[in-house]
Every structure is written in C-alpha cells, then in structure tokens.
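# Structural description and commentary
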Amino acid sequence: MKITLQTYQFRRERLMAALPDNSVVVIRNGELAVRNNDCDYEFRPDSSFYYLTGFSEPSAYAIISGQGDLTLVSLPKDPEKEQWDGFRYGVEGAIQEFGATQAFALEALDDTLSTALDGADCLVYCFADQMLREQLAVCRDGLAARVRLGAQAPVQLLDVTNYVAEMRLRKDAEEIAIMEAAAQISVEAHKQAMRSVKPGLKEYQLEAELNYVFMKSGARQPAYNNIVASGSNACVLHYIKNDEDIKDGDLVLIDAGAELSCYASDITRTFPANGKFSEPQAALYQLVLDAYQDGMKELTVGNPYEACHNAAVKTLTTGLVQLGLLSGEVDTLIESKAYRDFYMHNTGHWLGLDVHDFGVYKLAGESRALEEGMVLTIEPGLYVSEDNLKVDPKWRGIGIRIEDDVLITASGPYVLTHGLAKEISEIEALMAEAHSIR
Ligand SMILES: [Mn+2]
C-alpha cells in the first residue's frame, strides 16, 4: 500500500496555493539519533516532510516553490558508505523516484538554500525546528549582505505548521486505506494479547505478543511505545515500563497500535488477567463502555469536536454518582470538574501520521466542526488511584480505558478498528475460548 507520486505532487500544489504568492517552503527530515556509542535508533521520517515528499532518508531537505516544484537535497551516493549503512537514492534517485525537479547533494545545501531564497517574498518553514531556523537565518543574512550585488532576502516569514496540519487533518482515500490496514493489524494484536494473557506473566511478555503480530503482519514498528499496564499501573496514563508481574484478579490495560507506512493506529482495551471481570471491575468497565457509546453518537459531520467529550463526561459523572464514587448534583460536579479525580484526559485526539496528529481543535476560540475524512480516537476511561481514600476500597487501583479509531463520514462514524471485542460478554467469551484451546 503506497501513496502515489501524483498524490505527493498534488499535496505540494495545494500547499503552495494556500500560501502567499512567491513563497518558498523549506522543510527538513531530521537526523539520525544516537542510542548509545555508535548505535543509532532506526530512522523514522518527520511526518510533515514525509507527507509532502514520500522521502524517508535522514539529513534530507526539501525546498518547495512555484506551483509545488520540489528540490531535494540529500545524502549523496557513496558506495563505501552504502556498503556499511545501506542504500541511498542520491541525486538521480531523488529526481527519478520522487519527482523532484532538481536535486543536490547535501554539501550543496547552503548554495541551494541561498539560490532558492533569493528573490522570494515569503519564507515558509517550521518555526519549531531550531536547527533549520538557524540555518535559514544565516542564509538570509548572507543575502542581505549581498544586497548591492542584487540579492534579495525574503521579507516575510510564515510558519508552515498549521498549513500542513490543515491538509493532514482531512484524509484522502489512499490514507484511509492505509489507516484501516494499520488498524486491523492492531485489532489482531489485541486479540492475540487477550488470548495469551495469564496471571504470572511479566507485562513485557504479553507485550511480546503485540510486537510479534505487528511485525508478522507487515508493521515494522508500533506507532508509539506499547502500554501494557496490569493492576494499578493502568492508572499511570503513559505507563511504558511494562516490567511487573500480571497478577490473578488484575485488569490488564493495553494501549498499543501498529504503524504502517508511517500511519498510526491507536487502540486500548482493558481485560481481566484471569478471564473474568470481578463485580466492581465490571461495574466501572460498563460505565466506561456506556460513555464510549454515548460519545460515539456525537461523532457526526458538523458536530463540534468537543461534543463527544462532553457526552462522555456526562455519562461518566452520572455513573460515578450512581456507584457512589462521587456525591452531589451531576451538573455541579461537571461544572467543578470533580470527575477529573477519575478521568483526567480528553476523550480523543486527531490520528494520522502522528498518533497525536497535527491539527488545531479550536477555530477562533470555538471547538471546530467535524468534517468528512477526519480521523480521531474515542477513548473514555476511569482511573481510581490506590491512594484515593475517599472511595470504597473495592474501587481502588482499577484503571480502565476503551479506545477505537474513527473516520468521520457523511453516513456517521466509521470505526477503522472494527471487529475487536469490547462488551464484557464478548471479552470473556474470547478469553474462555482461548483458555479451552490452551
Ligand atoms: Mn489515543
């Protein structure tokens, strides 16, 4: 599954059409990062760079000008280096394989930037990219110093971030196909985890099942660090140590998603280590599931983004009162955010090339309306701290989250992560079946 060259070209054309006349865009793909001594982490391209070029080598720069013309600056062909570190496209490959109108070796970066900026009115780059910011400042100073020789530095600076974010927010058919494929790999990984869990395993031994299914299915990496949290570890929202024993009677919360062609998926499921929810676990679980269902109803075209969260909060708060974890009037408890003792995060986020994808959530101070082609997560949860002495001890240390990936369509929410058990009866049945086979 691959994005076509025409799509990358079309994206660059759309970006340039959104920018002022005579703009030049400069973006950078990032550098290899050292893990230890002479070992690097595997390189993962910058999401926006990849979105506009499809080029995934480190140390690369893209200059976009005119109607979307691409100039690529990248590591040159070098047989000796390639013998050790692997293939490089080089100048020829950049033109032939990526549709660049021009390409240069990295050593020509300064001259290439200088030529590209000279005479442009508006320089567009990622303001948060400190290294690029400094390189471009040196380049602009160089042009300013040569003004009597006819050089002309751009006078306007614009941050590219929100322009690309708006484009990335609405997914096209190619992206949706990849995201559904990534989502379905994650569904299989979560099923595998539910089937193989048993008390006595280390959390990371269960994590191994996820990584096995991801890689076997064609996804080389998870989209983010796998969270495999048993018992009260589930109350740590980004728990990634994953090194404790899974105990009989624990719930296990897994938040993990495969990355495919740089697109993320993001699923959370919570299930009992021994295959059977206890009564308090089931009561809180059902409440989170009700909040999920009520939030899902709000994921329709034209509805504000925050409607899903508000619906989930209302359901959760109402249920917390009914179960006796909170006391008072529901509206007052929502107003005072009393639910935040048990539910301290939002009910979702944009999903795409980044797991927390680019894109603003408000426009002019108002929650933005959902549109066809947007992809977001829905992920209500409840987390009762072990130290919460205000609630009955039976609730303490329970952490639950249920999360799926949703595409907004004209006919309602479409769950990309479809087919994965989430009802209590479905989860218990899937686990019982696996136990009987084992
Ligand atoms: Mn998420």
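Our subject in this report is the structure included herewith.

What counts as what
Residues numbered from 1 in each chain as written. Predicted model: local features only at pLDDT ≥ 70, side-chain atom pairs only at ≥ 80, totals over all residues. Heavy atoms only, no water. Phe/Tyr/Trp six-rings, centres within 6.5 Å; stacked < 30°, edge-to-face > 60°. Buried < 20%, exposed > 50% of the residue type's maximum accessible area, 1.4 Å probe, protein only. Lys NZ or Arg CZ within 6 Å of the ring centre and 35° of its normal. 1 Å grid on protein atoms, 1.4 Å probe; cavity = no way out; pocket = protein on both sides within 12 Å on 5 of 7 lines; lining within 4 Å. Points joined across faces, edges and corners; volume = space filled by probe spheres on them. Nonpolar A, V, L, I, M, F, W, Y, C, P; charged D, E, K, R; others polar. Domains from an automatic or database assignment. Donors = N, O, S within 2.8 Å, 3.2 Å for Na, K, Ca; no water. Helix = DSSP H or I, 4+ residues; strand = E, 2+ residues; numbered from the N terminus. Pairing = 2+ DSSP bridges. Contact = heavy atoms within 4.5 Å. Axes fitted to C-alpha atoms, helices over the stretch in contact; angles between N-to-C directions. Left-handed = near helix turned anticlockwise from the far one by under 90°. Core = buried A, V, L, I, M, F, W, Y, C linked by side-chain atoms within 4.5 Å. Expected span 1.5 Å × (residues − 1). Arc of directions from axis to C-beta.

### What about the packing of aromatic side chains?
Considering all chains together, one arrives at nine aromatic pairs under this definition. Arranged with centres 5.0 Å apart and planes meeting at 45°, the rings of Tyr125 and Phe127 form a pair that is tilted. According to the relative accessible area criterion, Tyr125 is buried, its value standing at 6%. Taken together, a centroid distance of 4.9 Å and an interplanar angle of 55° make the contact between Phe277 and Tyr285 tilted. The exposure class assigned to Tyr285 is buried, which follows from its relative accessible area of 0%. Every member of this aromatic cluster is reached through a ring pair, and the members are Phe55, Phe87, Tyr89 and Phe98. Cation over ring: Arg11 sits above Tyr51, and NZ or CZ is 4.0 Å from the ring centre. In this arrangement the basic side chain of Arg168 is found over the ring face of Phe358, its NZ or CZ atom lying 4.4 Å from the centre.

### Here we look at the layout of surface pockets
Taken as a whole, the largest pocket holds about 920 Å³ of empty space. In this structure, the largest pocket is lined by 33 residues; those nearest its centre are Pro45, Ser56, Glu259, Ser261 and Cys262. When its residues are assigned to classes, the lining of the largest pocket shows 17 nonpolar, nine polar and seven charged. Residues from two domains meet in the lining of the largest pocket; each of domain 1 (5-168) and domain 2 (170-437) gives at least three. There is about 380 Å³ of room inside the second largest pocket.

### A short note on the coordination of the manganese ion
The coordination sphere of the manganese ion, as far as protein atoms go, consists of Asp266 (OD), His349 (NE2), Glu379 (OE) and Glu403 (OE), spread over 2.0 to 2.4 Å. Counting gaps between the donor residues of the manganese ion yields the pattern D-x82-H-x29-E-x23-E. Here His349, found in the loop between helix H12 (330-335) and strand E15 (362-363), pairs with Glu379, found in the loop between strand E17 (375-378) and strand E18 (381-383); they are 30 residues apart in sequence, far enough to count as distant.

### Section: the sheet that holds strand E12 (residues 258-260)
Strand order in the open sheet formed by three strands is E9-E12-E13, and the pairing between neighbours is antiparallel. Single-partner strands in this sheet number two, and they are strand E9 (221-222) and strand E13 (263-264). As paired strands, E12 and E13 are joined by two bridges and run antiparallel to one another. Residue Leu260 lies in a different strand from E13, and its bridge partner there is Tyr263. Of the strands in this sheet, E12 and E13 touch helix H8 (residues 173-196), which is tilted by about 150° from E12.

### Some words on the packing of helix H5 (residues 109-117) against helix H6 (residues 130-145)
Between H5 and H6, the shortest axis-to-axis distance is 10 Å and the interhelical angle comes to 65°. Here H5 runs over H6; the crossing is right-handed. Contacts from Leu109, Leu113, Ser114 and Leu117 in H5 reach Gln135, Leu136, Cys139, Arg140 and Leu143 in H6. Among the residues forming the contact of H5 with H6, the class breakdown is six nonpolar, two polar and one charged.

### A word on the nonpolar core
In terms of nonpolar packing, the biggest core is built from 118 residues, with Leu206 and Phe271 touching the most fellow members. Broken down by element, the residue count for this core peaks at eleven residues, all from H8. Here this core gathers at least three residues from each of two domains, domain 1 (5-168) and domain 2 (170-437). Ranked by size, the runner-up nonpolar core spans 16 residues in total, among them Val26, Leu117, Ala120 and Cys139.

### Some remarks on helix H13 (residues 424-437)
Given 3.6 residues per helical turn, the α-helix brings residues three or four places apart onto the same face. A rise of 1.5 Å per residue sets the reference length of H13, with its 14 residues, at 20 Å; its end C-alpha atoms lie 20 Å apart and thus fit the reference within 8%. If you check which residues of H13 are buried, you get Ile424, Ile427, Glu428, Leu430, Met431 and Ala434. When H13 is viewed along its axis, its buried side chains cluster within an angular range of 160° and face the same direction. In H13, the exposed positions angled more than 90 degrees off the buried face are occupied by Ser425, Glu433, Ser436 and Ile437. Check the buried side of H13 and you find it contacts H8, strand E14 (267-272) and helix H10 (279-296).

### Quick word on the pairing of strand E20 (residues 404-409)
Most of E20 is tucked away: six of the six residues are buried. Burial along E20 is two-sided: Asp404, Val406 and Ile408 facing one way and Asp405, Leu407 and Thr409 facing the other are all buried. Inspection of the sheet shows E17 paired to E20 by four bridges, in the antiparallel sense. Its bridge partner being in E20, Thr377 is matched across the sheet by Asp405. As judged from the four bridges shared by E20 and strand E21 (residues 412-415), these two strands associate in the antiparallel manner. If you follow Val406 over to E21, its bridge partner there is Val415. With antiparallel pairing between neighbouring strands as the criterion, E20 and E21 make up a hairpin whose turn holds two residues.

Purely geometric stuff here, so don't read any function into it on its own.
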